[in-house]
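Understanding the architecture of this molecule
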Amino acid sequence: MIAYALRSVAQALLVLLAVALIAFSMFRFVGDPVANMMGQEASQADRRALAEQLGLNDPILVQFGRFIGDVAQGDFGISYRHGRKVSDLILERLPATVELAALSAILATVVGIVLGVYTAIRRGGLLAHIIMTTSLVGVSLPTFLIGIGLIYLFAVELRWLPSFGRGETVKIGWWTTGLLTPSGRASLIMPVVTLAFYQLTLIMRLVRAQMLETLRTDYVKFARARGLPESRIHFKHALRNTLIPVVTIAGLQFGSVVAFAIVTESVFQWPGLGALFVQAVQFVDIPVMATYLLFVALVFVVVNLIVDLLYVVLDPRLRAGRIRPVG
Amino acid sequence: MGSSAPERSTRPDMPVPVLSVRKLNVAFATRRADLVALEDVSFDIARGEILGVVGESGAGKSVTGAAIIGLIEPPGRITSGEIYLQGERIDTLPLGAMRKIRGKRIGMVFQDPLTSLNPLFRIGEQIVETMTVHLDISPARARERAIELLGEVGIPAPEQRIDAYPHELSGGMRQRVVLAMVLCTDPELIIADEPTTALDVSVQAQIITLLKNLAKSHGTSVMLITHDMGVVAEMADRVAVMYAGRIVEIGPVRDVLKQPRHPYTQGLMGSIPTLTSDADRLVQIPGTMPRLDARPPGCAFHPRCPRAIDRCRSERPLLTGDDRAMVACWLADSREAVS
Amino acid sequence: MQKHQRMPVTRSRSFRSSLYRAWDSDLAWNFRHSPVAILASITTVSIILLAVLAPWVAPQDAFDPGAVRLEDGFLEPMDRSPATGMLYVLGTDSQGRDLLSAILYGSRVSLLVGFAAVGFSMVLGVMLGLVAGFIGGRTDAVIMRIADVQLSFPAILIALLVFGVGRGLIPPSQHEEMAIAVLIVAIGLSHWAQYARTVRGSTMVEKGKEYVQAARVMGRPSFAIMREHVLPNVLGPVLVIATINLALAIIEEATLSYLGAGVPPTQPSLGTLIRVGQQFLFSGEWWILFFPSMALIVLALAINLLGDWLRDALNPRLK
């Protein structure tokens, strides 16, 4: 078990290192850092001096090492477009994205599991069919259209909810939250639903498929043969077995919610990291792009790690390092 | 008691049989047509008796077992026939009432003990669960009883093993646990569907003996479904041979094995290797059993039967005989005896 | 059935004949009896036809700045141009572009990028999968690791990243010309992993089969073996993936264009039109948003339904 944990951590670090390499390459080789900082008019001599100062003539490995060091200390360079420290930009916009992503993930998971179990148990029923068809449509549509659709319905026609921005936010330390004000909460509703939608359908289908498969297993058949009531079979035997693989995949989804937020933030002009990233792509703001990549990779890796370790806790078959049969 | 008792009992002076199946027909609805899986299957099992049901894969043995315990799922359904448990009709019971019988009065053992047990729960929990659902018993008392049962089925140190997970036990151990789970409600009938097929050969004999002893000591009847004649020879009192959804021969084990009357049974007997047999090769019955959608008219076996006569091709033989032994073959009918 | 008398090794059946076999089977029966599949495929084919024929069918060349009259901007559906009398069936956008034409041309771009991206990722993925499965060992481990990691990142992120990097590497003067190419590469790169995974699995299975062993013994070069024997047999599932990926690619292109990181503004695709249309959501010119959205929805749904049906029909477990 310890070996498994260590292996997972080692793999995680490897992935981070690889991503760091890509980020470094972007910083160093895409576009010209010197030109970006000095503009077109600078003289050759000035350029060479700056290059020397930035350490651009050192061996690559050294530069990479320096890069890692900088990153570890939280120094991600200066944004080409904004002229400010990237780390500042990130911190500023982090709360917006985190609130959005966390609420979406929770919504998607809870509702996804409930609907998934329901459509599996009541397979063939009318409501189950409606839910499945709606989910199919939902999955086919691009997220931004769903967002726009919601805006049209709730902001333009019904005028219940605001159509962009975070509303009023409250600053606590360096964090800003929208949960403490009515306008903040109202502004959260549509973006959260939009972002959650895709995840929700994914989780729902996954749970449903897993549940249907579990209901076909021998131990469920045996449980039926033992005369156990259907409710107990569904909610005790089948559900626990269903949720284990679901936890893995759902957990992985959590990680990607942060990245999926890119589109939702653009639709609702949500001042988060995703919107920052899109701007960076439009203006080829390399430092921001590379840092965002690192950030997302970090989130993924951490989430993956947690899920890996959680799996072991949940499945007793994995807990015993070696399976020792008795008798 | 309810509906009419079975028309005939196996022995007129004996009490009502534990299980009585009368002209059971099961069919599966498919896109094109209904496929008949069981056709007019009838047999009895007396109290404390072990009936072996043999046949090739697809002959309908498992379907029979599933029908009795009420686990036939759509697109399958019982199209006609009656099933009686201790003289009470059970095939027409509503779902709730059948659930009370299932697991309590009729138990079922499946082929693969590893997949029969939920890997996430300890074996003790699963045994206790069965008891608390069916019996009016406290969890504490149920746990004591579970430990007793584990000891009875031959699991060493049951007080400790009771908290083990299924994957921590070997195949033979798991099947013993399954037997304990099935016996914990003291059922009147156990249906064992290929209970030893998934086990190592060395363990098979142990489980067979165990099952036989348990059945005798608890007075439980057993319907033993298997494709292995050897297992039947070891364990059963009577045997029913199934072919293409019908019973073709039924009778006491020793008689049927020593003097099989149906050509199919004869073929099967010729294919059991024994140390003392003279034959150099196993006699294999040529051809294969017809699929559900390709059953020939008349006797289903006639295409493979070395002694088929014209009548076999057009008319389906019915089970005839006395209380002890019956066979469905025109040739066995004394009036049609072939010289 | 084809019989080859010369070689003891059975030459794997050509792709063509597997296609015939597939047609003449449960799959075709399933198709004929599934109204959804029929409707979806008719819709898809119609849209593709319309898009391909856009230059001849559309009333106006939406991509030609010269053909567009700024004064005709914001006209409602079924209005006529006050100057030329041209009928704008679906209205005009802020630039005076005929929306119907814009949608037709936009679908054209979307489909072009979609098909090209799918082709790109298919070729790349299949190649890498073949190599990984056939050669095995370290190469296999490395390729699969990369594929695994990539599969856990959302495609949008990867596409955006590649697009951004591509932009950074290409001098600004060429941005517009290269945009579509970069876009195709970006979307293609975000999807190759699934092909690779599937093909690798099938390749490993095929590798163990006798006719491949025999070919190796006979000294055929690996590449030829892969191409002639293994490839035809692994293509089946690849097609299913491709169909589903087509829908994903089209939606991804729309999303990227919506975000402003896709096709250049002078060649708007459906995504770009929607982006523009969203600005006018509150001011009442609803058609600028509505019609392109409808077009995208219909296209996405049709292809998705088709892909879904295909996947279910070919899935042995659900039968």
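Since the model is a prediction, treat every value here as computed from it, not as a measurement.

Rules used in this analysis
Residues numbered from 1 in each chain as written. Chains lettered and ligands numbered in written order. Predicted model: local features only at pLDDT ≥ 70, side-chain atom pairs only at ≥ 80, totals over all residues. Heavy atoms only, no water. Helix = DSSP H or I, 4+ residues; strand = E, 2+ residues; numbered from the N terminus. Buried < 20%, exposed > 50% of the residue type's maximum accessible area, 1.4 Å probe, protein only. Contact = heavy atoms within 4.5 Å. Areas by Shrake-Rupley, 256 points an atom, 1.4 Å probe, with all protein chains shown as cover. Lys, Arg positive; Asp, Glu negative; His and termini not counted. Charge placed at Lys NZ, Arg CZ, Asp CG, Glu CD. Pairing = 2+ DSSP bridges. 1 Å grid on protein atoms, 1.4 Å probe; cavity = no way out; pocket = protein on both sides within 12 Å on 5 of 7 lines; lining within 4 Å. Points joined across faces, edges and corners; volume = space filled by probe spheres on them. Nonpolar A, V, L, I, M, F, W, Y, C, P; charged D, E, K, R; others polar. pLDDT = per-residue confidence, 0-100. Axes fitted to C-alpha atoms, helices over the stretch in contact; angles between N-to-C directions. Buried area = accessible area lost by both parts, 1.4 Å probe. Salt bridge = Lys/Arg side-chain N within 4 Å of Asp/Glu carboxyl O. Polar contact = N/O pair within 3.5 Å; in protein donor to acceptor, adjacent residues only side chain to side chain.

Describing the overall build of chain A
Along the backbone of chain A there are 13 helices and two strands. Referenced to the eigenvectors of the C-alpha coordinate spread, the extents of chain A come out at roughly 85 × 65 × 35 Å. Expressed as a percentage of its 327 residues, the buried residues of chain A come to 47%. Looking at chain A alone, contacts between residues at least 24 apart form 71% of all its contacts between residues at least 6 apart. Taken as a whole, chain A presents about 15500 Å² of accessible surface, with 66% of it coming from carbon and sulfur. Put simply, chain A has 28 plus and 19 minus side-chain charges, and the middle of one group is 16 Å from the middle of the other.

Digging into the sheet that holds strand E11 (residues 320–321) of chain B
Residues and elements named next belong to chain B. With mixed pairing, the eight strands of this open sheet are ordered in space as E6-E7-E8-E3-E9-E10-E12-E11. The sheet terminates laterally at strand E6 (106–109) and E11, the two strands that pair on one side only. Looking at chain direction, strand E3 (residues 50–54) and strand E9 (residues 238–243) are connected through four bridges and run parallel. Paired with Leu51 across the bridge in E9 is Arg238.

Overview of the layout of surface pockets
Considered as a void within the structure, the second largest pocket measures approximately 1600 Å³ in volume. Around the second largest pocket, the lining comprises 41 residues; the ones closest to its centre are A:Arg224, B:Leu71, B:Ile72, B:Glu73 and B:Pro74. Within the residue set of the lining of the second largest pocket, elements represented by two or more residues are helix H5 (86–121), helix H9 (218–225) and helix H10 (230–267) of chain A together with helix H1 (61–69), strand E4 (76–85) and helix H2 (95–101) of chain B. Among the residues forming the lining of the second largest pocket, the class breakdown is 22 nonpolar, six polar and 13 charged.

Quick notes on the confidence of the model for chain C
On average, residues of chain C score 78 in pLDDT, and 87% of them are at 70 or above. Note that pLDDT drops below 50 for residues 1–12 of chain C; the model gives that stretch twelve contacts with residues more than four away or on any other chain.

A few points about the sheet that holds strand E5 (residues 88–89) of chain B
All names here are of chain B. One open sheet holds the four strands; their spatial order is E2-E1-E4-E5, and the pairing between them is antiparallel. The sheet terminates laterally at strand E2 (34–45) and E5, the two strands that pair on one side only. H1 contacts strand E1 (19–29), E2 and E4 of the sheet and is inclined by roughly 70 degrees relative to E2.

Considering the pairing of E9(B)
All names here are of chain B. Of all six residues in E9, six are buried; the element is thus mostly enclosed. Burial along E9 is two-sided: the face carrying Arg238, Ala240 and Met242 and the face carrying Val239, Val241 and Tyr243 are both buried. Note that E9 and strand E10 (residues 246–252) share six bridges and pair antiparallel. Within E10, the residue paired with Ala240 across the bridge is Ile250. Between the end of E9 and the start of E10, which pair antiparallel, lie two residues, with Ala244 showing a positive phi angle near 50 degrees.

Describing the interface of chain A and chain B
Accessible area lost on assembly of the parts is the figure often given for the size of an interface. Across the boundary between the two partners, chain A contributes 26 residues, which contact 32 residues of chain B. Of the roughly 2700 Å² buried between chain A and chain B, counting both surfaces, carbon and sulfur atoms make up 62%. Counting the contacts that link chain A with chain B gives four salt bridges. A:Lys236 is the salt-bridge partner of B:Glu129, the closest N and O atoms lying 3.2 Å from each other. Applying the counting rule to chain A against chain B returns 13 residue pairs in polar contact (both at pLDDT 80 or more). Contributions of two or more residues to the side of chain A that touches chain B are made by H9, H10 and helix H13 (316–319) of chain A. A class-by-class count of the residues in the side of chain A that touches chain B yields eleven nonpolar, four polar and eleven charged.

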